Amino acid sequence: MQPYGVPCAFALLIAIALLLGATTNGIEIRHTDNNVENIAARKQASKNNINPVENDRQFWNNVGNDLLQKKLNVERKYGVAKNVIFFIGDGMSIATLTSARIYMGQLQNKTGENEMLSFEKFPYTGLSKTYCVDSQVADSACSATAYLMGVKGNIETIGVSGAVSNRDCLASNDPANQAVSSMRWAQQAGKRTGVVSNMRVTHATPAGAYANVAQRDWECDGDMATDKLAEKWCVTKSPDIARQLIERETGRNLNVIMGGGRAKFLPNTDKDQQGQRQDGRNLTKEWLEINRTSGASSVYVTDRTQLKSLNTNETDYLLGLFATSHMSYNLLANKSVEPTLVEMTEKAIEVLSKGDAGYYLFVEGGLIDWAHHSNMAQLALDEAAMLSKAVGRARELTSPDDTLIVVTSDHSHTMTINGYPHRGSDILGHPVTASTDKMPYSTLSYANGPSARERYNLSQDNTKEPQYQFPSMVNLTWETHGGEDVGVFASGPWAHLFVGNYEQNYIPYAISYAANMGPGAELERKHGDNANSSSTRISVGPSLLQSMSLATFTALVAFLLQ
Ligand SMILES: [Zn+2]
């Protein structure tokens, strides 16, 4: 104990000094920027923005009690999830969720802080740990392997175990190193399957549904041939991701494939479409022929009008490629050419709903991540809002009695919500003045990215411009991902399996159990369920409540609300 005595006493003195509002090097240390202007601004904002009922203690008592009642009355759903819809908000960190809900509220002239994204209303929430085998911070490739195939691998690899290092194409061809997609589990259970993204459908996240590859950038043979770090013979030994999509079992059995990325499927002689294939193949034509020879009705569409007029009742297989590369940001898109994520989700559900054995649909809102990489926070929040709408629409079109919906993210980003902006502050604004250099700073900023430069006065910037780059600290050409956990939200049969804090690769196992497919079908069914769903109310009865001490009850409430 002796060696710690002096440091402990010293720490105590510092703590006391801080509590008394001491100064260090003449700079006041306080939690808030407590200067006269900021105090006055906060008071004025309170008058303008805050509903006066919030000043009443009873209001918050009621909010707490209502939430407690809701939690106590949540019904656990058992049975079997006939359908599963799995949404990924790529790069949708917790900070993105918070700021997106404020953004959505402020679009409706509300303060925004107490709004809810559609999936934040789901009854069960958890946290997933996103690190990969060789990386503390995940990329979309290794994380897709985890949440779609149940295996953690190395960064930049897709659908292969940690035994395959980046670009080791020989090891990636060894079946012992290949993970099996949860899409395949669903197909083997007789379900229809689909993948929707607003990125190239060969990009890392959607590729996690069907590919096994040692490098995420090998989307077509042209990418492999121009990869300076790759062994050239990999091109002949290991099929590119687009080829895997139409040639390998999981990919070619997908009933729905929608997103961007036409260039990866077309020969480089097709200059109009910016084709990138060096092997001269037109994979969209091949895809149509494969499905037609099997007698199925297959349709290839390339714009919103064609998708809108599609007769989904007569469509067994749908390929929609709406852009040569990634699709456009919602705020910047030509809406007559490109469908929205909501529209693609609706059509996918319609096509997949035809089967008797149900379906498994994977939907990625990928442009959240893309915007963050450019420090374009508004576009990221708007894309998160679009994902929220797509999830809300999917919940409307389905029943929680037979359809499990899971919403999560693959990894975080470096954006933070910082300062002490007053209630209702413009989430895209710069309401706070720094105490040291007296210049304003924006509520949203990044740890790194292309916007980094010396501290400067942004008060004349139009931070509401959609492509405004919010400040970052370390200059990188491309902002990085973040390493903290991401949220998981679930609704429907067995949604309660998603509560807690767990490894990201647990997610497909929980889905497989809920849908009674793949590894989950090997396990004994709990609660005596069968093909029909059932619900059991979990509640704390009055007698139990009455027998509790106040301390126990308080602890229970704290536990339920934490
Ligand atoms: Zn990314």
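Per chain, residues are indexed from 1 in the order of the written sequence. Local features in a predicted model are, by the rule used here, given only for residues with pLDDT of at least 70; side-chain atom pairs are given and counted only at 80 or more, and totals for whole chains, interfaces and linings are based on all residues.

Undergrad: Just to check I follow, could you spell out the overall build of the protein chain for this structure?
TA: Helix and strand assignments come from DSSP, with helices taken as H or I runs of at least 4 residues and strands as E runs of at least 2, each series counted from the N terminus. What the protein chain contains, in helices and strands, is 20 helices and 21 strands. For the protein chain, buried positions account for 47% of its 562 residues. The burial label depends on the number of other C-beta atoms within 10 Å of a residue's C-beta. Counts of 20 or more mean buried, 12 or fewer mean exposed, and intermediate counts mean partly exposed, with C-beta atoms placed from the backbone.

Undergrad: What is the right way to read unusual backbone geometry from this model?
TA: Phi is positive for Gln274, close to 55°, though the residue is something other than glycine. Position of Gln274 relative to the elements: it lies in the loop between strand 7 (256–260) and helix 13 (283–293). Here Gln274 falls in the exposed class, since 12 other C-beta atoms lie within 10 Å of it. A positive phi angle, close to 65°, is found at Lys438, a residue other than glycine. Mapped onto the secondary structure, Lys438 falls in the loop between strand 14 (432–433) and strand 15 (440–441).

Undergrad: Got a minute to help me understand the UniProt feature "active site" (unreviewed entry) in the protein chain in this structure?
TA: UniProt positions are given in the numbering used here, feature names are shortened, and annotations may be inferred rather than shown by experiment. UniProt annotation of "active site" (unreviewed entry) refers to Ser140 when read in the numbering used here. As for its position among the elements, Ser140 is in helix 5 (residues 140–149). Residue pairs are scored as contacts if the distance between their C-beta atoms, which are placed from the backbone, is within 7 Å. Non-local contacts of Ser140, meaning those with residues more than four positions away in its chain, are made with Asp90, Ala204, Thr205, Asp369 and Asp410.

Undergrad: Where do I start with helix 5 in this structure?
TA: An α-helix turns once every 3.6 residues. As a result, residues three or four positions apart point the same way. Most of helix 5 sits out of view: ten of its ten residues are buried. Looking at the residues trailing helix 5, positive phi occurs at Gly150, about 80°.

Undergrad: Would you explain the sheet that holds strand 16 (residues 444–449) in this entry?
TA: Working definition: the strands of a sheet are paired by backbone hydrogen bonds and lie parallel or antiparallel to each other. Ordered by their spatial adjacency, three strands build an open sheet running 13-16-17, and the pairing between neighbours is mixed. The two strands at the open ends of the sheet, each matched to only one other strand, are strand 13 (415–417) and strand 17 (472–475). Averaged over all adjacent pairs, the angle separating strand axes in this sheet is 15°, with direction ignored. Pairing between strands requires that DSSP locate at least two bridges from one strand to the other. The pairing of strand 16 with strand 17 spans three bridges and is classified as parallel. The residue of strand 17 that forms the bridge with Asn448 is Val474. Sitting on the sheet, helix 4 (residues 94–107) is in contact with strand 13 and strand 16, with an inclination near 50° to strand 13. Axis definition: a line fit to C-alpha positions, over the contact stretch in the case of helices; interaxial angles, taken between N-to-C directions, run 0 to 180 degrees.

Undergrad: Explanation requested: the environment of Leu307 in the structure shown.
TA: Along the chain, Leu307 turns up in helix 14 (residues 304–308). A sequence separation of 37 residues divides Leu307 from Met344, and the C-alpha atoms of the two residues are 8.3 Å apart. Leu307 has contacts with Val301, Gly320, Pro339, Glu343 and Lys347, leaving out every residue within four places of it along the chain.

Undergrad: Looking at this model, I keep getting lost on the packing of helix 4 against helix 17 (residues 377–397). Mind explaining?
TA: The axes of two packed helices give the description: the angle between them and the distance between them. Closest axis-to-axis distance for the helix 4/helix 17 pair is 9 Å, and the angle between their directions is 80°. In this view, helix 4 runs roughly perpendicular relative to helix 17, as classed from their interaxial angle. On helix 17, the residues touching Thr96, Ser99, Ala100, Tyr103 and Met104 of helix 4 are Ala380, Leu381, Ala384 and Ala385. Under the convention adopted here, Pro, Cys and the residues Ala, Val, Leu, Ile, Met, Phe, Trp and Tyr are nonpolar, Asp, Glu, Lys and Arg are charged, and Gly plus all remaining residues are polar. Residues that form the contact of helix 4 with helix 17 fall into these classes: seven nonpolar, two polar and no charged. Any angle that falls under 35 degrees is termed roughly parallel, while one over 145 is termed roughly antiparallel, one within 65 to 115 roughly perpendicular, and all others oblique.

Undergrad: I keep staring at the packing of helix 15 (residues 341–352) against helix 17 and nothing clicks. Help me out?
TA: Packing of helix 15 against helix 17 brings their axes to within 8 Å, and their N-to-C directions diverge by 25°. Taken together, the axis directions place helix 15 and helix 17 in an arrangement best described as roughly parallel. Handedness of the crossing formed by helix 15 with helix 17: right-handed. Between helix 15, through Leu341, Val342, Thr345, Glu346 and Ile349, and helix 17, the contact on the second element is made entirely by Met386, Leu387, Lys389, Ala390, Arg393, Ala394 and Leu397. Classifying every residue of the contact of helix 15 with helix 17 gives eight nonpolar, one polar and three charged. By convention the crossing between two helices is left-handed if the near helix lies anticlockwise of the far one by an angle smaller than a right angle, and right-handed if it lies clockwise.

Undergrad: For this particular structure, what's the right way to read the environment of Tyr509?
TA: You can see Tyr509 is positioned in helix 18 (residues 507–514). Take Tyr509: there are 18 C-beta atoms within 10 Å of it, and that puts it in the partly exposed class. Along the backbone, Tyr509 and Ser182 are 327 residues apart, and their C-alpha atoms lie at a distance of 8.6 Å. Tyr509 has contacts with Gly150, Pro519 and Gly520, leaving out every residue within four places of it along the chain.

Undergrad: What am I meant to see in the pairing of strand 11 (residues 403–408) here?
TA: Within a regular strand, side chains alternate between the sheet's two faces. Counting buried residues along strand 11, six of its six residues qualify, which places the element largely inside the surrounding structure. Side-chain alternation along strand 11 places Thr403, Ile405 and Val407 on one buried face and Leu404, Val406 and Thr408 on a second face that is also buried. By the bridge criterion, four bridges tie strand 11 to strand 19 (residues 486–491) in an arrangement that is antiparallel. Of the residues in strand 19, the one forming a bridge with Thr408 is Val488.

Undergrad: Would you take a moment to explain the sheet that holds strand 8 (residues 298–301) for this structure?
TA: Pairing in this open sheet of ten strands is mixed, and the strands run 8-9-7-6-10-4-11-19-5-20 from one edge to the other. Pairing within the sheet leaves two strands with one partner each, and these edge strands are strand 8 and strand 20 (500–503). Taking the axes of each pair of neighbouring strands and ignoring which way they run, one obtains an average angle of 15° across the sheet. Packing against the sheet, helix 15 makes contact with strand 6 (192–200), strand 7, strand 9 (317–321) and strand 10 (359–365), and its axis sits at approximately 165° to strand 6.

Undergrad: Honestly, the nonpolar core in this entry has me stumped. Any pointers?
TA: General note: in soluble globular proteins, nonpolar side chains tend to be found buried as a group. In this structure, Val256, Leu361, Leu404, Val406, Ala514 and Ala515 are the most contacted members of the largest nonpolar core, which totals 125 residues. Broken down by element, this core gets its largest block of residues, eleven residues, from helix 17. Any nonpolar core is a set of buried residues, restricted to Ala, Val, Leu, Ile, Met, Phe, Trp, Tyr and Cys, that join up through C-beta atoms within 7 Å.

Undergrad: How should the environment of His411 be read in this particular structure?
TA: Looking at the element boundaries, His411 is found in the loop between strand 11 and strand 12 (412–413). When the C-alpha atoms of His411 and Asp139 are compared, they prove to be 7.2 Å apart, with 272 residues separating the residues in sequence. If sequence neighbours within four positions are ignored, His411 has contacts with Gly91, Thr130, Val137, Ala138, Ser143, His481, Gly482 and Val486.

Undergrad: Is there a simple way to think about the confidence of the model for the protein chain in this case?
TA: For residues with low pLDDT, the predicted coordinates do not support detailed interpretation. pLDDT is a residue-level measure of predictor confidence that goes from 0 to 100. Summary statistics for the protein chain give a mean pLDDT of 90 and a share of 88% for residues scoring 70 or more. Note that residues 1–6 has pLDDT below 50 and, in this model, zero contacts with residues that lie over four places away or in other chains. Across residues 13–22, confidence stays below pLDDT 50; counting only partners more than four residues off in sequence or on other chains, it has four contacts.

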